[in-house]
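Structure assessment
This is what each chain is made of:
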Amino acid sequence: MARRAGLQQQPARSRNCTETVADADDSKHSTVLSLLFSLEAGDVAEKLSSSVPYGLSEYDPVSEVQRINTTVAALSDAECKLAEAVREAKASSILTTGSVQLGHVGSYLRSRYGYLVAIRHANAVKRPRTYLRMLQHKYLVVRGLENLEGVDVLVDLNFRDHFVLPHSTGWYSKLLAALPHDWVGTAAGLAPLVGLMSAGMRLCFKQAGVPLPPWREARAVLSRWLPEAYREGAP
């Protein structure tokens, strides 16, 4: 069943714990995309070598890293417990299949721990003129966690990868390193991290003197986890 996703209200948190683009419709569009992909391939790497964004001395990467750490540390007991189970499920998947398989992880969480798990296909149906701002993605949704009744907990096994730039700056690399490799938490908790990292990506491109690709815009990035429409199925 197709649904709309949104930020869900969630209870107070407790203790601390640790992109295929569719073909363009015309040659002009294709040229623009080619230039943007060329950028991400590293044509401007030499411009991205300074420790802080040029001309943007007010941007403090250290503070941004601290903000990321604070956000990640605000996970609830139930989310931390689920994160431990996810690590165990990933190890089982590697042992069983030779790699981390989303379906295996979901099945493991359901069979071994009794979690209510579904695989969500975000923005699964392509719509004309929206494929650069409504990005497709697939991840797990877990429901029924203690003190998080009625709230979807997202399990994205490649969360950090969405923010990797082929040739990033030293300061941006520090932001990236502060992100968890996997996200196990609510969309409300994830959204601030997306905002922080999207701002960092925008500054990287601004430092290089080139426009930010539309699929790197904060709203487009966030559409993976807050899709306008999605479908779900059993793992």
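Residues numbered from 1 in each chain as written. Predicted model: local features only at pLDDT ≥ 70, side-chain atom pairs only at ≥ 80, totals over all residues. Heavy atoms only, no water.

Note that His162 resides in the loop between strand E3 (153-156) and helix H5 (170-178). The class of His162 is buried, set by a relative accessible area of 10%. Look past the residues within four positions of His162 in its chain and what remains in contact with it is His137, Asp156, Arg216, Arg224 and Trp225. (Helix = DSSP H or I, 4+ residues; strand = E, 2+ residues; numbered from the N terminus. Buried < 20%, exposed > 50% of the residue type's maximum accessible area, 1.4 Å probe, protein only. Contact = heavy atoms within 4.5 Å.)

Taken together, 5 strands build an open sheet; the order of strands is E4-E3-E2-E1-E5 and the sheet is antiparallel. The strands lining the two open edges of the sheet, one partner per strand, are strand E4 (183-186) and strand E5 (230-233). On average, adjacent strands in this sheet sit at an angle of 30 degrees to one another, irrespective of strand direction. With 4 bridges connecting them, strand E1 (residues 116-122) and E5 associate as antiparallel partners. The residue of E5 that forms the bridge with Ile119 is Gly233. (Pairing = 2+ DSSP bridges. Axes fitted to C-alpha atoms, helices over the stretch in contact; angles between N-to-C directions.)

A few words now on unusual backbone geometry. The residue Asn147 is not glycine, and still its phi comes out positive at about 65 degrees. Inspection of the secondary structure puts Asn147 in the loop between strand E2 (137-143) and E3.

Moving on, we get to the pattern of salt bridges. As enumerated under the stated definition, the model contains 9 salt bridges in all. In this structure, the salt-bridge partner of Arg67 is Glu64, at a minimum N-O distance of 3.2 Å. On the criterion of helical spacing, the pair formed by Arg67 and Glu64 is a turn pair, its members being 3 residues apart in helix H2 (residues 61-73). Arg67 gets classed as partly exposed once you look at its relative accessible area, which sits at 47%. Put simply, Arg112 and Glu88 hold a salt bridge, and the shortest N to O gap is 2.8 Å. With Arg112 in helix H4 (residues 102-113) and Glu88 in helix H3 (residues 77-97), this residue pair connects regions lying 24 residues apart in the sequence. (Salt bridge = Lys/Arg side-chain N within 4 Å of Asp/Glu carboxyl O.)

What follows is about H2. Counted at 1.5 Å a residue, the expected span for H2 with its 13 residues is 18 Å, and the 18 Å between its end C-alpha atoms agrees. Three or more residues of H2 are buried, namely Pro61, Glu64, Val65, Ile68, Val72 and Ala73. Next to the buried residues of H2 lie H5 and helix H6 (187-208). (Expected span 1.5 Å × (residues − 1).)

This paragraph deals with the packing of H5 against H6. Their axes nearest at 10 Å, the elements H5 and H6 cross at an angle of 165 degrees. Considering their axes alone, H5 and H6 lie roughly antiparallel with respect to each other. Here the hand of the crossing between H5 and H6 comes out left-handed. Residues Trp171, Tyr172, Leu175 and Leu176 of H5 touch H6, and the partners they reach there are Met197, Gly200, Met201, Leu203, Cys204 and Gln207. (Parallel < 35°, antiparallel > 145°, perpendicular 65-115°, else oblique. Left-handed = near helix turned anticlockwise from the far one by under 90°.)

With respect to the secondary-structure elements, Leu82 resides in helix H3. For Leu82, a relative accessible area of 0% translates into the label buried. Spatially, the C-alpha atoms of Leu82 and Gly185 are 8.9 Å apart, while their sequence positions differ by 103 residues. Excluding residues that lie within four positions of it along the chain, Leu82 makes contacts with Leu109, Tyr115, Val142, Leu145, Val153, Val155 and Val184.

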